[in-house]
Amino acid sequence: ALLTAALLTVAAPAARAEGACDPGETVIKFSHVTNATKHPKGIAAQMFADRVNKEMNGKVCVEVFPNSTLYNDDKVLEAMLQGDVQMAAPSLSKFESFTKVFRLFDLPFMFKNIAAVDEFQNSETGQKMKSSMERRGLKGLEFWHSGMKQFSANKPLIEPTDAKGLKFRVQPSDVLVAMIKALGASPQPMAFSEVYSALQQGVVDGQENTWSNIYGQKFYEVQDGITETNHGTLDYLVVTSTDFWDGLDPAVRDQLTTILHEVTVSRNGAVTEIEAQNRQNILDAGSKIRELTPEQRAAWVATMKPVWTEFVKDVGQDNIDAAQAINA
Ligand code: LMR
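1. A look at the overall build of the protein chain
Scanning the protein chain from terminus to terminus reveals 14 helices and nine strands. In terms of overall dimensions, the protein chain is globule-like: its C-alpha atoms have a radius of gyration of 20 Å, near the 20 Å expected for 328 residues. The C-alpha extent of the protein chain, read off along each of the three principal axes, is 60 × 55 × 30 Å. Taking all 328 residues of the protein chain together, 55% fall into the buried category. For the protein chain, the proportion of contacts with a sequence separation of at least 24, taken over those separated by at least 6, is 75%. Taken as a whole, the protein chain presents about 13,900 Å² of accessible surface, with 51% of it coming from carbon and sulfur. Each charge class in the protein chain can be summarised by its mean position, and for the 32 positive and 41 negative side chains these summaries are 3 Å apart.

This is how it looks when you write it as structure tokens:
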């Protein structure tokens, strides 16, 4: 009986148990890839579900599937277009086959911190980006923040030349591929759920991600240490399919929009604190975090920033200028 109880605990999705929605309720399956309790995205998805399930009981039921238990990010957008899942929040790097506008957010050293990302996204240009995939059937609802990315590897990374010849896992993004190549290293696109074992088995030597993902996936266990590069941003778009969204009763759609927006404002405001906590959790777990001197960091900037020129025509010089003006 104990074993059965343990299995049930592991298998249960975070929001309501599958099948627990009441008859007649519109079911929203929300699929994502991070943990549910210590990660900015996991916490936000759960909070959205809890509010909808309480405030819209009898009308709408949200079931959250965290930890890639339903789909990983390679599959989730196709599944959404098929109507098999109704909401997800993949990182902006995962929309490559739908739009190139989000490449701006992957360019190294484009935004100095998450507050700058927030300000850009809340501008008219940023808000317009959410609808860039509507003709492909995807509707962007809100941007959710994650954090700044750090590098880790199976050896110390201090100078950019330390990365030469290493293999790094990247998200499936051409910008990230070009960025790793600029280091003289080898980019390996791979699903998030596969990264821990790839690092452990030496399929790749290193990776780049936020404190919350490095802690949440325990990457620090199988890396020499983490270098605090803050070289890029990780951000998400909460998406649904235009078919599903347009088919909702307008009052239901409005209420969902309001709840999602309130959750977004509240959770985006808490992201820096959660990232700092997960950075501390990594230190408490006994892993090394290496800070760079201004000169060392300048060497990483000089090595990686030239990739911007390859992507100016995809992202627009005006958008680059607007992002840089916010950094100033
Ligand atoms: C990754 O694939 O590294 C991230 O996009 C995962 C996530 O959703 O934070």
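2. Quick notes on the state of the cysteines
With the rule as written, the count across this model stands at one disulfide. Through a disulfide, C21 is tied to C61; the S-S separation comes to 1.9 Å. Because the sign of the S-S torsion sets the handedness, a value of about -65 degrees for the bond joining C21 and C61 places this disulfide among the left-handed ones. In this pair, C21 sits in the loop between α1 (2-11) and β1 (26-31) while C61 sits in strand β2 (residues 60-65), placing the two residues 40 residues apart along the sequence. A relative accessible area of 16% places C21 in the buried class. According to the relative accessible area criterion, C61 is buried, its value standing at 0%.

3. Comments concerning empty space enclosed by the protein
By the definition in use, this model includes one cavity of 30 Å³ or more. By volume, the largest cavity amounts to about 80 Å³. Contributing to the lining of the largest cavity are 13 residues, with K94, Q171, F192, N213 and L234 lying nearest its centre. Taken together, the residues that form the lining of the largest cavity break down as four nonpolar, five polar and four charged.

4. Examining the pairing of strand β4 (residues 138-153)
With respect to burial, β4 is a largely interior element, 15 of its 16 residues being buried. Pairing geometry for β4 and strand β8 (residues 225-241), over 13 bridges, is antiparallel. Each bridged residue has a counterpart across the sheet, and for F151 the counterpart in β8 is T227.

5. Details of the site of the ligand
In the neighbourhood of the ligand, the contacting residues comprise V33, T34, K41, S91, K94, R169, Q171, F192, N209, N213, L234 and Y236. Contact between the ligand and S91: an oxygen atom at 3.5 Å from a side-chain N or O atom of the residue. Computed on the free molecule, the ligand has an accessible area of 270 Å², of which 100% lies beneath the protein chains in the complex. Structurally, the ligand is housed in the largest cavity. Residues belonging to the shell around the ligand are distributed by class as follows: four nonpolar, five polar and three charged.

6. Brief notes about the packing of aromatic side chains
For the structure on display, the rule yields 13 aromatic pairs. Aromatic pair F30 and W144: ring centres 5.9 Å apart, planes at 15 degrees, arrangement stacked. Remark: W144 occurs in strand β4 and F30 occurs in strand β1; sequence separation between them is 114 residues. In terms of burial, F30 and W144 fall into one category: buried. Consider the rings of F151 and F168, whose centres lie 5.5 Å apart with planes at 65 degrees: the pair is edge-to-face. A residue pair is termed long-range when its members are at least 10 positions apart, and F151 in strand β4 and F168 in strand β5 (residues 167-170) qualify at 17 residues. Both residues of the pair, F151 and F168, count as buried.

7. Quick look at the pattern of salt bridges
This model, assessed by the stated rule, comprises eleven salt bridges. Where E96 meets R103, a salt bridge forms, and the shortest distance between an N and an O atom there is 2.9 Å. Overall, the relative accessible area of 6% leaves R103 in the buried class. Between R290 and D224 there is a salt bridge; the shortest N-O distance is 2.8 Å. Of the two residues, R290 is situated in strand β9 (residues 289-291) and D224 in the loop between α9 (211-216) and β8; the sequence distance between them amounts to 66 residues. The exposure class of D224 is partly exposed, given its relative accessible area of 26%. Three or more residues are tied together by salt bridges with common partners; here these are E96, R103, D174 and D314.

About the thresholds
- Residues numbered from 1 in each chain as written.
- Predicted model: local features only at pLDDT ≥ 70, side-chain atom pairs only at ≥ 80, totals over all residues.
- Heavy atoms only, no water.
- Helix = DSSP H or I, 4+ residues; strand = E, 2+ residues; numbered from the N terminus.
- Rg over C-alpha atoms; globule rule 2.2 N^0.38 Å.
- Buried < 20%, exposed > 50% of the residue type's maximum accessible area, 1.4 Å probe, protein only.
- Contact = heavy atoms within 4.5 Å.
- Areas by Shrake-Rupley, 256 points an atom, 1.4 Å probe, with all protein chains shown as cover.
- Lys, Arg positive; Asp, Glu negative; His and termini not counted.
- Charge placed at Lys NZ, Arg CZ, Asp CG, Glu CD.
- Disulfide = S-S within 2.5 Å.
- 1 Å grid on protein atoms, 1.4 Å probe; cavity = no way out; pocket = protein on both sides within 12 Å on 5 of 7 lines; lining within 4 Å.
- Points joined across faces, edges and corners; volume = space filled by probe spheres on them.
- Nonpolar A, V, L, I, M, F, W, Y, C, P; charged D, E, K, R; others polar.
- Pairing = 2+ DSSP bridges.
- Near = heavy atom within 4 Å.
- Polar contact = N/O pair within 3.5 Å; in protein donor to acceptor, adjacent residues only side chain to side chain.
- Sits in = over half its atoms within 2 Å of the grid points.
- Phe/Tyr/Trp six-rings, centres within 6.5 Å; stacked < 30°, edge-to-face > 60°.
- Salt bridge = Lys/Arg side-chain N within 4 Å of Asp/Glu carboxyl O.

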